[in-house]
Amino acid sequence: MPRASRSTNDWFHLRRDAETGIESVQAHFEGHAYDAHAHDEILVGVTQQGVQRFRCQRATLTSTRGRVILIEPGAVHDGDAIDEGGFTYAMLYVPQEWLRTTLEERGSAAASAF
């Protein structure tokens, strides 16, 4: 995740499940969080504290505590904290191949979407 600068109060925890390849991130940012970038995975997250403002696919969005975020693979997005206390979020990075295989194993027609 590209960063322009880092606050001394920022933190970032990353874990990866070896079996599924799913990564989980919990992070806190104050000010500018991350520059525009994209992922190959499906991102599913929730803002846990504060307010996050981000641009995704040319739309400006705001996420507050308890709000769920879904970002499609390849969607260019960035992020900023707009309140003095910053924001905290948790995010899952779900590999498309793992999701497709799992849905196929369960006989889901939705598997063809990936």
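Please refer to the structure higher up on the page.
Keep in mind that what you see is a predicted model, and the values were worked out from it rather than measured.

What counts and how
Residues numbered from 1 in each chain as written. Predicted model: local features only at pLDDT ≥ 70, side-chain atom pairs only at ≥ 80, totals over all residues. Heavy atoms only, no water. Core = buried A, V, L, I, M, F, W, Y, C linked by side-chain atoms within 4.5 Å. Buried < 20%, exposed > 50% of the residue type's maximum accessible area, 1.4 Å probe, protein only. Helix = DSSP H or I, 4+ residues; strand = E, 2+ residues; numbered from the N terminus. Phe/Tyr/Trp six-rings, centres within 6.5 Å; stacked < 30°, edge-to-face > 60°.

Undergrad: I'm lost on the nonpolar core in this one. Help?
TA: Generally speaking, nonpolar side chains in soluble globular proteins are found buried as a group. By size, the foremost hydrophobic cluster in this structure holds 16 residues, and its most contacted members are Phe29, Ile71, Phe87, Tyr89, Met91 and Tyr93. The dominant element in this core, judged by the number of residues it contributes, is strand 8 (residues 87–94), at 4 residues. Ile42, Val94, Leu99 and Leu103 belong to the second-largest nonpolar core, a separate cluster that totals 5 residues.

Undergrad: What exactly am I supposed to notice about the packing of aromatic side chains here?
TA: Given two aromatic rings, one states the distance between the centres and the angle between the planes to describe the pair. Throughout the structure, instances matching the rule amount to 4 aromatic pairs. Summarising the aromatic geometry, the rings of Phe29 and Phe87 are spaced 6.0 Å apart at their centres and angled 50° between planes, so their arrangement reads as tilted. Of the two residues, Phe29 is situated in strand 2 (residues 23–29) and Phe87 in strand 8; the sequence distance between them amounts to 58 residues. Exposure remark for Phe87: the relative accessible area of 0% places this residue in the buried category. Linked through ring pairs, Phe29, Tyr34, Phe87 and Tyr89 together constitute an aromatic cluster.

Shape descriptors only; they carry no functional weight alone.
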